[in-house]
Amino acid sequence: MGVLDSISGPADLRRMSDEELTQLAAEIRELLICSVAANGGHLGPNLGVVELGIAIHRIFDSPRDRIVWDTGHQAYVHKMLTGRANDFGSLRKEGGLSGYPSRAESEHDWVENSHASTSLSYADGMAKANQILGRDDHVVAVIGDGALTGGMAWEALNNIAMGGDRRLVVIVNDNGRSYTPTVGGLANRLTEIRTNPKYEPALNAIKERLQRGRFAGPAAYDALHAIKKGVKDALAPQGMFEDLGLKYIGPVDGHDRQAMEHALTQAKRFGGPVLVHALTTKGQGYDIAVANENDQMHQANPFDRETGEATSVAPAGWTSVFRDEIVRIADERPDVVGITAAMLYPVGLDAFADKFPDRVFDVGIAEQHAVTSAAGMALAGLHPVVAVYATFLNRAFDQVLLDVALHRCGVTFVLDRAGVTGDDGPSHNGMWDMSMLQLVPGLRLAAPRDGAQLRELLREAVAVDDAPTVVRFAKGAVPDDVPALERLGVADVLSRDDDSDVFVLAAGSLVRVALEAADIARQSGARVTVVDPRWVKPFDPAVVELAARHQLVVTVEDNGRQGGVGAAFTQALRDAGSDVLVSVHGVEQEFLDHAKRDVILDRLGLTPQAIADDIVARSARNKPGTARR
Ligand SMILES: Cc1ncc(C[n+]2csc(CCOP(=O)(O)OP(=O)(O)O)c2C)c(N)n1
Ligand SMILES: CC(=O)[C@@H](O)[C@H](O)COP(=O)(O)O
Ligand SMILES: [Mg+2]
């Protein structure tokens, strides 16, 4: 890389010629394609913000001017322009570059949370801080059209519009896509502006004059902007952003760096809250991505750059089991409907939508609305299945608690990516749901151990019409089915020694780990019974009773230890009058740096050997006649 190699920080960009900047954009695209082809990551979103990222860092002065990237999955270009291009070989690898902004990596990075729609709230807060502390710095928030469908974004815009002379620039990166095309009235309005043929001649005329330099400098932009505004007003008289009291600049071709720089210069000079509407294409510069109808290579596994084909075929995952079973259920139950928050394919509702297009709803990145609208559906006679990644349900806890459970609505939540996910960093792990949901009165929570149990428990869940039900499963490959010795209430006894003195309660994806741990512990003389509760809320009394008859209880879960299955089971034992010793194995209460799932599980001691060692050590200490510590 010639030009990109020379960049140690954004200041270097301001000394570059147009030719060098054009070369820089090409080099950035090449590095994006190479590093994502090798390591996986967010190719489409980052190819779409190459010129935008360069323009932002030429016009604004990061880190003095704070730049916030909504969701953060499209911050690779920002990282390259802030001196990290040479580290891209380590992208998303343990100890390497995070796939999202990281304050540990750079003073230019601010927001690490990968949950969408937060950037404008951060920016509003930062702008208020600048004003109160007497700083004349700018805050720049880059938010995608998808993230703009999240409710928080509109809460923030409502406040930003009151911003007076707060120097806040909102850049809407409008590529018309989340994974699939962004949905909703807002998206339709943005699309209208993007695609209205009446717009094209005016836009082209402006761009042509800019390029021919007949209008020099930002003053030119004023004149041209006035022309375009006239055009825009004619086409979209009720500018939704202006109606909020926000100054609007755009739409601007987000791949025309010079036009973007003019617009951002305009915005910077305004000295108050202003919204710049940039039109971009996800995957720009890599035709295979642009043409990918599913998600324009939003999130790509390692691939061959010539063909775009994944270089390693992932084994059938949990999602595919759900995808097939929900269609069978939908065939049998006309009251069952599906709801996704802009992730139709990733959560596996696509087959359901293909077969019953009127019964699957994409609500945009709006989990809170998804949940409460599901409650509405249930109150009116449907059985909604809300399919989201586990971590994103965090955002809708109040809705689950008081809009669904308080009203005893029969809503089923299917939580994919539950447990440690790893690659996408701390905010993507599904490690809080089995703690958070323990708090919800009446809610029933299932953690299937394999595909057969996922199918069985999903059916049991949708059969409940007077309470919320939850079925949660991990990311990636689904383990081979684990047969049961016998059913105990709603639970399955998976392995049992005569006169066992150790009782292992294992939930969901870590059942196999627990079974292997039992086998290792048996080699040291332990006598172990392993039970899969299947429903971890509420526990079947027969399971609690059986556990209480043991010397040691060990719980294993792919969830936080605090308030999770182990904590709840301990409470159940105490409520049943048992003071049996309990050892809880789960995810420590910490934000987990990105790494592969297995690496993290190993570090957390969620492995057969570590659990077996714990069983043996505690059993030895617990032997009658030895002082119990
Ligand atoms: C609360 C929440 N829900 C779902 C997601 C999953 N997700 C990550 S990126 C994305 C699409 C974002 O679309 P957009 O904001 O338009 O950005 P683009 O990728 O198009 O640049 C989604 C749904 C998330 N990160 N946060
Ligand atoms: C940024 C985001 O939230 C998603 O794109 C995330 O990367 C999902 O990754 P998987 O679908 O690979 O779990
Ligand atoms: Mg988008």
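What you see is a predicted model; the values in this text were computed from it and never measured.

A. Broad picture of the site of ligand 2. Every residue near ligand 2 is listed here: His 42, His 73, Tyr 100, Tyr 179, His 298, Gln 299, Tyr 389, Phe 392, Arg 417, Asp 424, His 428 and Lys 475. With respect to ligand 2, the side chain of Tyr 179 contributes an N or O atom lying 2.7 Å from an oxygen atom. The contact in question runs from an oxygen atom of ligand 2 to an N or O atom on the side chain of Lys 475, over 3.1 Å. Relative to its free-state accessible area of 360 Å², ligand 2 is covered by the protein chains to the extent of 92%.

B. Representation of the packing of helix H13 (residues 318-332) against helix H19 (residues 451-462) within the structure. At a minimum axis separation of 10 Å, H13 and H19 run at an interaxial angle of 40°. For the element pair H13 / H19, the angle class is oblique. As H13 runs across H19, the sense of the crossing is right-handed. From H13, Trp 318, Val 321, Phe 322, Glu 325, Ile 326, Arg 328, Ile 329 and Glu 332 reach across to H19, where they touch Gly 451, Leu 454, Arg 455, Leu 458, Arg 459 and Val 462. Here the contact of H13 with H19 is built from residues that sort into 8 nonpolar, 1 polar and 5 charged.

C. Helix H7 (residues 185-195), seen in detail. Turning to H7, its buried residues number three or more, namely Leu 186, Ala 187, Arg 189, Leu 190 and Ile 193. Along the axis of H7, the buried positions cluster into a sector of 160°, meaning they face one direction only.

D. Just the coordination of the magnesium ion (ligand 3), in detail. Only Asp 145 (OD), Asn 175 (OD1) and Arg 177 (O) from the protein coordinate the magnesium ion (ligand 3), and they sit 2.0 to 2.2 Å from it. In the primary structure, the donors to the magnesium ion (ligand 3) are separated according to the pattern D-x29-N-x1-R. One end of the pair, Asp 145, is in the loop between strand E2 (139-144) and helix H6 (151-160); the other, Asn 175, is in the loop between strand E3 (168-174) and H7, and 30 residues separate them in sequence. According to the relative accessible area criterion, Asp 145 is buried, its value standing at 3%.

E. Highlighting the site of ligand 1. Neighbouring residues of ligand 1: 22 residues in total, closest His 73, Ser 114, Gly 146, Ala 147 and Glu 367. At 2.7 Å from an oxygen atom of ligand 1 is found a main-chain nitrogen or oxygen belonging to Gly 146. Taking Glu 367, its side chain carries an N or O atom lying 2.7 Å from a nitrogen atom of ligand 1. When its residues are assigned to classes, the shell around ligand 1 shows 7 nonpolar, 10 polar and 5 charged. Counting contributing residues per domain, the shell around ligand 1 is built from domain 1 (45-79 + 102-196 + 236-291) and domain 2 (318-472), each supplying no fewer than three.

The rules behind these values
- Residues numbered from 1 in each chain as written.
- Chains lettered and ligands numbered in written order.
- Predicted model: local features only at pLDDT ≥ 70, side-chain atom pairs only at ≥ 80, totals over all residues.
- Heavy atoms only, no water.
- Near = heavy atom within 4 Å.
- Polar contact = N/O pair within 3.5 Å; in protein donor to acceptor, adjacent residues only side chain to side chain.
- Areas by Shrake-Rupley, 256 points an atom, 1.4 Å probe, with all protein chains shown as cover.
- Axes fitted to C-alpha atoms, helices over the stretch in contact; angles between N-to-C directions.
- Helix = DSSP H or I, 4+ residues; strand = E, 2+ residues; numbered from the N terminus.
- Parallel < 35°, antiparallel > 145°, perpendicular 65-115°, else oblique.
- Left-handed = near helix turned anticlockwise from the far one by under 90°.
- Contact = heavy atoms within 4.5 Å.
- Nonpolar A, V, L, I, M, F, W, Y, C, P; charged D, E, K, R; others polar.
- Buried < 20%, exposed > 50% of the residue type's maximum accessible area, 1.4 Å probe, protein only.
- Arc of directions from axis to C-beta.
- Donors = N, O, S within 2.8 Å, 3.2 Å for Na, K, Ca; no water.
- Domains from an automatic or database assignment.

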